[in-house]
Amino acid sequence: KNDNPANSPNLSTDSLKILQTNIPAGLYTDLTFINENTGFAISNFGAIIKTTDGGYSWEQLLSNIDFFLNKIQFTDSQTGYIIGGDNSGGYLLKTINAGLTWQLINLNTPDKGMPTGMFFLNSNTGFISGEKLFRKTIDGGQTWSEVMGPVQENINDVSFKNAYEGYATSDNGKYFRSADGGKSWQSMQSNTSDHLKKIYFAESKSYAKCRTSVFIDLETGNKAFTVPDSAFNFLFLNESRCIGIGQHYEAGFLPYGDIFLTNDAWTTFSQKKYNPQSEAMNVTAIGRAKEGRVIIIGCEAINSSVIELRY
C-alpha cells in the first residue's frame, strides 16, 4: 500500500476502459471484491452476481428474491451480508459459502422500512440502520437488539474505520460516534442542518456526504469539500484521490453516465461522459479489486457495462 500520494500516479480519464464482459443486464447498486479476482455485485431487482476473474466474466447466483438490494459486505472469503427490501419490509441475506446459497432473514423493520446502512465488524458482530432503525447483532444476523433503545430518528448509514472507531449518520446535521467498537455512542452535531447520508473513510479522514453535494468532516463537524452535483457514489483511494460516479442530463431523453476523478480532494476534477445508448446512462457501482485497479459498473438502455480504471 502506497501511503505517499506524491509517489502514486494521478488518476486519469485516459485510464478508463470498457471491458468486454458477459455481465447480466441490470442496475447494480453495490460492488465489493474479497480479493483481486473475486467480486460480488447486487442489483435493484434482487440479482446477485459473482466474478472470479477480476470482472471479465460473471455468473448469476441463486438469490430466490426479486426486491431491491442496496449494500453488500463480506467479512471473510466465505461469509457475506446483503441488505435490501420492498414494501413488505427489510431483509438481510447471508451466505457462509461464498455466495453459493443465501439465507433470508426478515429484519422486522419499523413501518416495514428498508434498511439503508449496514456494517459488520466481523462475521458475528454487525449493525444495521435506517428509518427509525439502529440495531446490532452479535450472532451473525440471526437476532438483533436496539443499539441505543428505540430511536425516533433516521439513522441513514453506519460504518467503522477500524475495530473501535465508528460513525452513524442522521438527519439535520446530527451524527453519532463510537470509540469502543459500537458499545456506546456519543451524539454529535455538525455545522449543517442538512441530512447526513453515506459515510466514507479516506486514510485518516472520516466523511459523511450530505443530501446536497457537500461532504462533512466527521472529526470536526465542518464542511470538508464540495463534489460535482451529478456524482452520487464515491470511492476514496487516499486523502487526495477519489472517484465519483453518477449521471447527468443533457438534451434528449436519456441521461449520460459519469465518472469523475480528483487528485486533490475535489479542488479540481476531470469528468468522463458515457453515451447512454451504447456505453452507460448511469454509473452506479464501484469497487477496488486491488491496489491500482478499480472496477465500475454502469447500465445502458438495454445492457450493463463494466469499466476498468487502472492507476
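The structure we're discussing is the one just above.
What comes next concerns the included structure. Quantities reported herein were computed from a predicted structural model and do not represent experimental measurements.

### Details of the state of the cysteines
Alright, step 1. As enumerated under the stated definition, the model contains zero disulfides in all.
Alright, step 2. Between Cys 210, a cysteine without a disulfide, and Cys 242, which holds the nearest cysteine sulfur, the sulfur-to-sulfur distance is 15 Å.
Alright, step 3. Using a relative accessible area of 3% as the deciding quantity, one classes Cys 210 as buried.

### Quick notes on the side chain of His 248
Alright, step 1. Relative to the elements of secondary structure, His 248 occurs in strand β23 (residues 242-248).
Alright, step 2. Residue His 248 is classed as buried on the basis of its relative accessible area of 15%.
Alright, step 3. A polar contact of 2.8 Å, which involves the side chain of His 248, links it to the side chain of Glu 250.
Alright, step 4. Every residue in contact with His 248, bar those within four places of it in the chain, is listed here: Ser 230, Pro 255, Tyr 256, Asp 258, Gln 271 and Lys 273.

### Here's the deal with the nonpolar core
Alright, step 1. Core analysis: the largest hydrophobic core is formed by 17 residues, its most contacted members being Leu 16, Ile 243, Ile 259, Val 294 and Ile 296.
Alright, step 2. Looking at this core, the elements with two or more residues in it are β23, β24 (256-262), β26 (282-290), β27 (293-299) and β28 (304-310).
Alright, step 3. In contact with Leu 16, other than residues within four places in its own chain, are Ile 259, Leu 261, Lys 272, Tyr 274, Ile 296, Ile 307, Glu 308 and Leu 309.

### Observations regarding the layout of surface pockets
Alright, step 1. The space that makes up the largest pocket amounts to roughly 1100 Å³.
Alright, step 2. Surrounding the largest pocket, 31 residues form its lining, Thr 32, Phe 119, Ser 159, Phe 201 and Leu 235 being those nearest its centre.
Alright, step 3. Mapped onto the lining of the largest pocket, the elements with two or more residues apiece are β2 (28-33), β6 (68-74), β10 (117-120), β14 (157-160), β18 (196-202), β22 (231-236) and β26.
Alright, step 4. With five residues, β18 is the single largest residue contributor to the lining of the largest pocket.

### Considerations on the pairing of strand β12 (residues 133-137)
Alright, step 1. Of all the five residues making up β12, five are buried; the element is thus mostly covered by neighbouring parts of the structure.
Alright, step 2. Pairing of strand β11 (residues 126-130) with β12 involves five bridges; the strand directions are antiparallel. Along β12, the bridge assignment pairs Ile 128 with Arg 135.
Alright, step 3. The antiparallel hairpin formed by β11 and β12 contains two residues in its connecting segment, where Lys 132 sits at a positive phi of about 50°.
Alright, step 4. Bridge count between β12 and strand β13 (residues 145-146): two bridges; the pairing is antiparallel. Looking at β13, one finds that Arg 135 is bridged to Glu 146.

### Things to note about the environment of Ile 34
Alright, step 1. In this fold, Ile 34 is placed in the loop between β2 and β3 (39-43).
Alright, step 2. The residues contacting Ile 34, other than those within four sequence positions of it, are Phe 40, Phe 74, Asp 76 and Ser 77.

Calculation rules
Residues numbered from 1 in each chain as written. Predicted model: local features only at pLDDT ≥ 70, side-chain atom pairs only at ≥ 80, totals over all residues. Heavy atoms only, no water. Disulfide = S-S within 2.5 Å. Buried < 20%, exposed > 50% of the residue type's maximum accessible area, 1.4 Å probe, protein only. Helix = DSSP H or I, 4+ residues; strand = E, 2+ residues; numbered from the N terminus. Polar contact = N/O pair within 3.5 Å; in protein donor to acceptor, adjacent residues only side chain to side chain. Contact = heavy atoms within 4.5 Å. Core = buried A, V, L, I, M, F, W, Y, C linked by side-chain atoms within 4.5 Å. 1 Å grid on protein atoms, 1.4 Å probe; cavity = no way out; pocket = protein on both sides within 12 Å on 5 of 7 lines; lining within 4 Å. Points joined across faces, edges and corners; volume = space filled by probe spheres on them. Pairing = 2+ DSSP bridges.

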